[in-house]
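Structure at a glance
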Amino acid sequence: MTKYIVRGGKPLFGEVEISGAKNAAVAIIPAALLVDGVCRIENIPQISDVTLFLTILEELGANIRTINRHAVEIDCRHIHSTRTSYDLAHRIRASYYLIGALLGRFGKADVTMPGGCNFGVRPIDQHIKGFTAMGASVEVEGGYIHANAQGGRLKGANIYMDVVSVGATMNVMMAAVLAEGNTVIENAAKEPHIVDLANFLNSVGASIRGAGTDTIKIQGVERLRGGSYAIIPDQIEAGTYMAAVAATGGQILVKNIIPKHMDCITAKLVEMGATVEEREDTLLVRRTERLHRTNIKTLPYPGFPTDMQPQITAVLSLAEGTSLVTESVWNNRYRYVDELKRMGAHIQVDDKTAVVEGVEKLTGAPVQASDLRAGAALVIAALAAQGESEIGCVQYIERGYEDIVGKLRALGADIRSVEVSSDEDGLETRIS
Ligand code: EPU
């Protein structure tokens, strides 16, 4: 078991290089299954979700060649199975993309029900609605989703999404690129990773228009050929480092980002009193005075991202005044609040709203991450807190942040990763 030990209270200074976007990578890697050729994918983040996906593709018959730490070649010309093994696929939420990709290319898919971060009910009815509209039968049995296209190939359809869903938009887009005829997705999500997936698919021969707006039009083609593509930088990883310096004070240069993607986060940090200077593909973020309160409501892009909600709440817990945070995407994304309270935060959660009464200081404490972004929020709070914190369940954090310990240490943070063993009574010993 790995834990992070953080001695907080030090401002951050220096530069941080942002990795490729996790939520684009976990769609583009399975989308390679649609391609009858070799795809070279660059700027892949080194995170455990990506490693798992590459292993799943290999099991299905893909040939994966590692070019370097951030680039692979995926050859899906000789896929021999459309059924994922239970053990691997149920560990990741985004395994649902395997349904759209396998169904689109081979007309059938047997994929484990998705797992992943636990913050309440995470339905996939809109994905299924899309596949069904394109002529697939979809059944759930024995922990698996079985999808079969009538006649072996999906047919284009007009699909109106009842909720704005990132996953359903991308999944239906994947299923539609090789379908017979045209597909229109209305009320589509507009996140940067949706545009990235469309750009990747178009670069290998798909015909997708309108990604990034709420209407996406896809003209089915017969075959996708190989190609080379670089994934966009991770908006949420960048936002997390921006939030970290806002909490600790100091000045950092956040490198390799697309500033436009950061506007929704930058605007809020500036409102709170941080300074953010944009320079081509970098942002210089500075915080000198105590931050002040603000209100935040999470919304689909271009609104404030739900995946930054825990991190910004950690920052607001130290701002002057009382802030209101409203989560409007997920039902239950405040599990980390009890952990922040252990560190001295004053936060009351009432249904979807957290009332955050800023305190002068937080104090280090033993805390547990309950999901990826919850873990990031605890790291931020621990960096700003006086004294030592011990953060457990960091495997959640490592699902989505490449080398977070190394990157923070390069910014001057006192954080290290330790291996801990526990005996039958739960008594823990640090072994490294
Ligand atoms: N929803 C439905 N039916 C569906 C699909 C979604 O009702 O069929 C609802 C959900 O319950 C939720 C809302 O629609 O209330 C939005 O869900 P969405 O489908 O957009 O989420 P997702 O695709 O499962 C992705 C990211 C999440 C991120 C959300 C929202 C991936 C792998 N995951 O999830 O990222 O929170 O979009 O932006 O792309 C993270 O990175 O920490 C993370 C959880």
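Residues numbered from 1 in each chain as written. Predicted model: local features only at pLDDT ≥ 70, side-chain atom pairs only at ≥ 80, totals over all residues. Heavy atoms only, no water.

**What about the sheet that holds strand β2 (residues 12–17)?**
Strand order in the open sheet formed by 4 strands is β2-β14-β16-β15, and the pairing between neighbours is mixed. Strands with a single pairing partner mark the edges of an open sheet, and in this sheet they are β2 and β15 (275–279). In this sheet, neighbouring strand axes are inclined to one another by 10° on average, regardless of whether the strands run parallel or antiparallel. Across 6 bridges, the pairing between β2 and strand β14 (residues 250–255) is parallel. When the sheet's bridge partners are listed, Val16 is paired in β14 with Val254. (Pairing = 2+ DSSP bridges. Helix = DSSP H or I, 4+ residues; strand = E, 2+ residues; numbered from the N terminus. Axes fitted to C-alpha atoms, helices over the stretch in contact; angles between N-to-C directions.)

**A few points about the domain arrangement of the chain**
For the chain, the assigned domains read domain 1 (2–19 + 233–430) and domain 2 (22–230). With centres defined by C-alpha atoms, the gap from domain 1 to domain 2 works out at 30 Å. At the junction of the two partners, domain 1 supplies 21 residues and domain 2 supplies 23 residues. Interface of domain 1 and domain 2: buried area, both sides summed, is about 1,900 Å²; carbon and sulfur atoms make up 52% of it. (Domains from an automatic or database assignment. Contact = heavy atoms within 4.5 Å. Buried area = accessible area lost by both parts, 1.4 Å probe.)

**Remarks on the site of the ligand**
Every one of the 25 residues lining the ligand counts as a neighbour, but Gln126, Ser165, Val166, Asp307 and Val329 are closest to it. Side-chain polar atom of Trp330 to an oxygen atom of the ligand: 3.0 Å apart, as the coordinates give it. Alone, the ligand offers 820 Å² of accessible surface; in the complex the protein occludes 90% of this. At the level of elements, α1 (22–31), α5 (125–133), α6 (166–176) and α12 (372–384) are the ones that each hand at least two residues to the shell around the ligand. Class assignment of the residues belonging to the shell around the ligand gives a composition of 12 nonpolar, 6 polar and 7 charged. Of the residues that make up the shell around the ligand, three or more belong to each of domain 1 (2–19 + 233–430) and domain 2 (22–230). (Near = heavy atom within 4 Å. Polar contact = N/O pair within 3.5 Å; in protein donor to acceptor, adjacent residues only side chain to side chain. Areas by Shrake-Rupley, 256 points an atom, 1.4 Å probe, with all protein chains shown as cover. Nonpolar A, V, L, I, M, F, W, Y, C, P; charged D, E, K, R; others polar.)

**Observations concerning the sheet that holds strand β11 (residues 207–209)**
Taken in spatial order, the 4 strands line up as β9-β10-β12-β11 in an open sheet, and their pairing is mixed. The open sheet has two free edges, formed respectively by β9 (158–160) and β11, since each of these has just one partner strand. Between one strand and the next, the sheet's axes are offset by a mean angle of 15°, whatever the strand orientation. Bridging between β11 and strand β12 (residues 215–219) involves 3 bridges; their strand directions are antiparallel. Bridging from a neighbouring strand, Ile208 pairs with Ile218 of β12.

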